[in-house]
Amino acid sequence: MAPDRALTDLLSISDLAEELGPLLEDAARLKTERRQGESRATLPGKNLALIFEKPSARTRTSFEVAIHDLGGHAIYLSPSDVQIGQRESIGDVARVLSRYVDAIAYRAFRHESVVELARYATVPVINALDDREHPCQIVADLLTMRERWADGFHGRRLAWIGDGNNVLHSLILGCAAVGLDLSAATPEAYRPRGEVVQAARLLADRTGAEFQLSSSPEQAARGADALYTDVWVSMGDEAERAPRERAFAGYQVNAKLLGMAARDAFVLHDLPAHRGQEITDDVLDGPRSAAWDQAENRLHAAKAILERLLLSAPERERGPRQRRHRRTRPRRRR
Ligand code: CP
Ligand code: NVA
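A brief structural summary. (Residues numbered from 1 in each chain as written. Chains lettered and ligands numbered in written order. Predicted model: local features only at pLDDT ≥ 70, side-chain atom pairs only at ≥ 80, totals over all residues. Heavy atoms only, no water.)

Quick look at the sheet that holds strand β5 (residues 157-161)
Rules: When DSSP finds two or more bridges between a pair of strands, those strands are recorded as paired. The secondary structure listing takes helices from DSSP runs of H or I that are at least 4 residues long and strands from runs of E that are at least 2 residues long, numbered from the N terminus. Angles here are taken between N-to-C directions and fall from 0 to 180 degrees, while the axes themselves are lines fitted to C-alpha atoms, restricted in helices to the stretch in contact. What makes two residues a contact is simply this: any of their non-hydrogen atoms within 4.5 Å.
Taking strand neighbours across the sheet as the criterion, the five strands line up as β7-β6-β5-β8-β9 in an open arrangement whose pairing is parallel. Each edge of the open sheet carries a strand with a single partner, namely β7 (211-214) and β9 (266-269). Across the sheet, the mean angle from the axis of one strand to that of its neighbour is 20°, orientation sign disregarded. Relative to β7, strand β6 (residues 181-185) is paired through four bridges, and the arrangement is parallel. The residue bridging A185 from the neighbouring strand is S214, located in β7. Along the sheet, helix α6 (residues 135-148) contacts β5, β8 (226-229) and β9; its crossing angle with β9, the most-contacted strand, is approximately 165°.

Describing the packing of helix α1 (residues 20-35) against helix α13 (residues 291-310)
Note the threshold: Put simply, angles under 35 degrees are roughly parallel, angles over 145 are roughly antiparallel, angles from 65 to 115 are roughly perpendicular, and the rest are oblique. Here a crossing is taken to be left-handed if its near helix is turned anticlockwise relative to the far helix by less than a right angle, and right-handed if that turn runs clockwise. All amino acids are sorted into three groups, where Ala, Val, Leu, Ile, Met, Phe, Trp, Tyr, Cys and Pro are nonpolar, Asp, Glu, Lys and Arg are charged, and the leftover types, Gly among them, are polar.
In contact at an axis separation of 8 Å, α1 and α13 are set at 120° when each is read in the N-to-C sense. One finds that α1 runs oblique with respect to α13. With respect to the hand of their crossing, α1 and α13 are arranged in right-handed fashion. Seen from α1, the contacting residues are L23, D26, A27, R29, L30, K31, R34 and R35; seen from α13, they are E296, N297, L299, H300, A301, K303, A304, I305, E307 and R308. Broken down by class, the residue content of the contact of α1 with α13 amounts to seven nonpolar, two polar and nine charged.

A short note on α6
For clarity, the cut-off: For a helix, the expected span equals 1.5 Å multiplied by the residue count minus one. Burial classes: relative accessible area under 20% of the type maximum marks a residue as buried, over 50% as exposed, and values in between as partly exposed (1.4 Å probe, protein chains only).
Along its 14 residues, α6 runs 20 Å from first to last C-alpha, staying within 8% of the 20 Å computed at 1.5 Å per residue. By the criterion of burial, α6 is predominantly enclosed, with 11 of the 14 residues buried. All buried positions along α6 are accounted for by P135, C136, Q137, I138, V139, A140, D141, L142, L143, T144 and M145.

Observations concerning helix α4 (residues 90-98)
Because each turn of an α-helix spans 3.6 residues, side chains separated by three or four positions in sequence point in the same direction. Defined as follows: As used here, the arc is the angular range of directions from the helix axis to the C-beta atoms.
Taken residue by residue, α4 has I90, G91, V93, A94, L97 and S98 as its buried positions. Along the long axis of α4, the arc covered by the buried residues comes to 160°, so they all point the same way. Buried residues along α4 sit against β1 (47-52), β2 (73-77), α3 (79-82), β3 (103-107) and α5 (111-120).

A few points about the sheet that holds β3
Taken together, the four strands give an open sheet; going across it, the order is β2-β1-β3-β4, and neighbouring strands pair in parallel fashion. Pairing within the sheet leaves two strands with one partner each, and these edge strands are β2 and β4 (125-127). Between one strand axis and the next, the sheet turns through 20° on average, direction left out of account. The sheet contact formed by β1 and β3 spans five bridges and is parallel. If you follow I51 over to β3, its bridge partner there is Y106. Lying on the sheet, α5 is in contact with β1, β3 and β4; it crosses β4 at an angle near 170°.

Things to note about the site of ligand 2
Let me state the cut-off plainly: The nearness test applies per residue and asks whether one of its heavy atoms lies within 4 Å of the molecule or strand. Whenever a nitrogen or oxygen atom comes within 3.5 Å of another N or O atom, the pair is scored as a polar contact, on the condition that within protein one atom can donate a hydrogen and the other can accept it, and that pairs from neighbouring residues in sequence are kept only if both atoms are in side chains.
What surrounds ligand 2 is the set L129, N165, N166, V167, D230, V231, S234, M235, D270 and L271. Between ligand 2 and N165 there is a distance of 3.4 Å, counted from a nitrogen atom to a side-chain nitrogen or oxygen. A distance of 2.8 Å separates an oxygen atom of ligand 2 from a polar side-chain atom of N166. Here the shell around ligand 2 is built from residues that sort into five nonpolar, three polar and two charged.

If you want it as structure tokens, here you go:
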């Protein structure tokens, strides 16, 4: 099922586009194998650098465990270690790290910084969240929905309640790519970026996915097959906390809103959650919460992403049981 196009970096979920289906299949298989104690070391000797400008629990830990499970090694570089763009230019960090490691995951304040790192790196770069996107999260989210919808994404509708932020941007693109309808409710002043919506419409031409935008959480939630929310104040937006908390006051996923969704609808949250703001305790901790499976799925998604970027197509096509372990040199791309 491996596509022949070389995936060099994962900067946006749209880099995966039509590859999302096979990637989700791989992630599901990797999950089953891990649960059965049959994880295979398909990336022995591979080193992954994690450059983080912002805090993280899930992204850092899932990538560290993922590369370890696959036989490789992670090197976490905190903001004070590298001081990327301050102590040294992003391009110089990219050039140097490419001589040591096989891939770089980068969590940045600015999307342009991730693009800049990828421009100079000669190894694959993974966007570990920036102000525009969070592609690794959306792979895990789609895996979580796929597990609950045996009949697939077509004919299903997800409702987003909250900020037009990085997670929503990747979700709009990801849903369009897999053919999942999405209704987003955001305050007027916190809409998703127009260029992302435009890009998603192009992807949706192929799959027929519909995207609706409104300012009504009730309209979005009514009859939806799943509800998804995220923090009102993302990392980097802290200076806007007071106006944001006012604007988002009616955008809470609670029992009343969930009652408007389909009878078997479930709730997604990428976490960390601000309980009592965008989501109530009873919903997050309740039987219809998928948030904990979603968090677990970050690990299986991370493994599928690492294999996709670091194994060649023939290696992936041979399948897990036939893979030979070998150390490959970083690609020279320029
Ligand atoms: N959902 C997510 O990316 O969590 P972290 O910020 O803890 O990595
Ligand atoms: N939108 C949130 C996601 C955290 C995983 C943020 O950027 O802080």
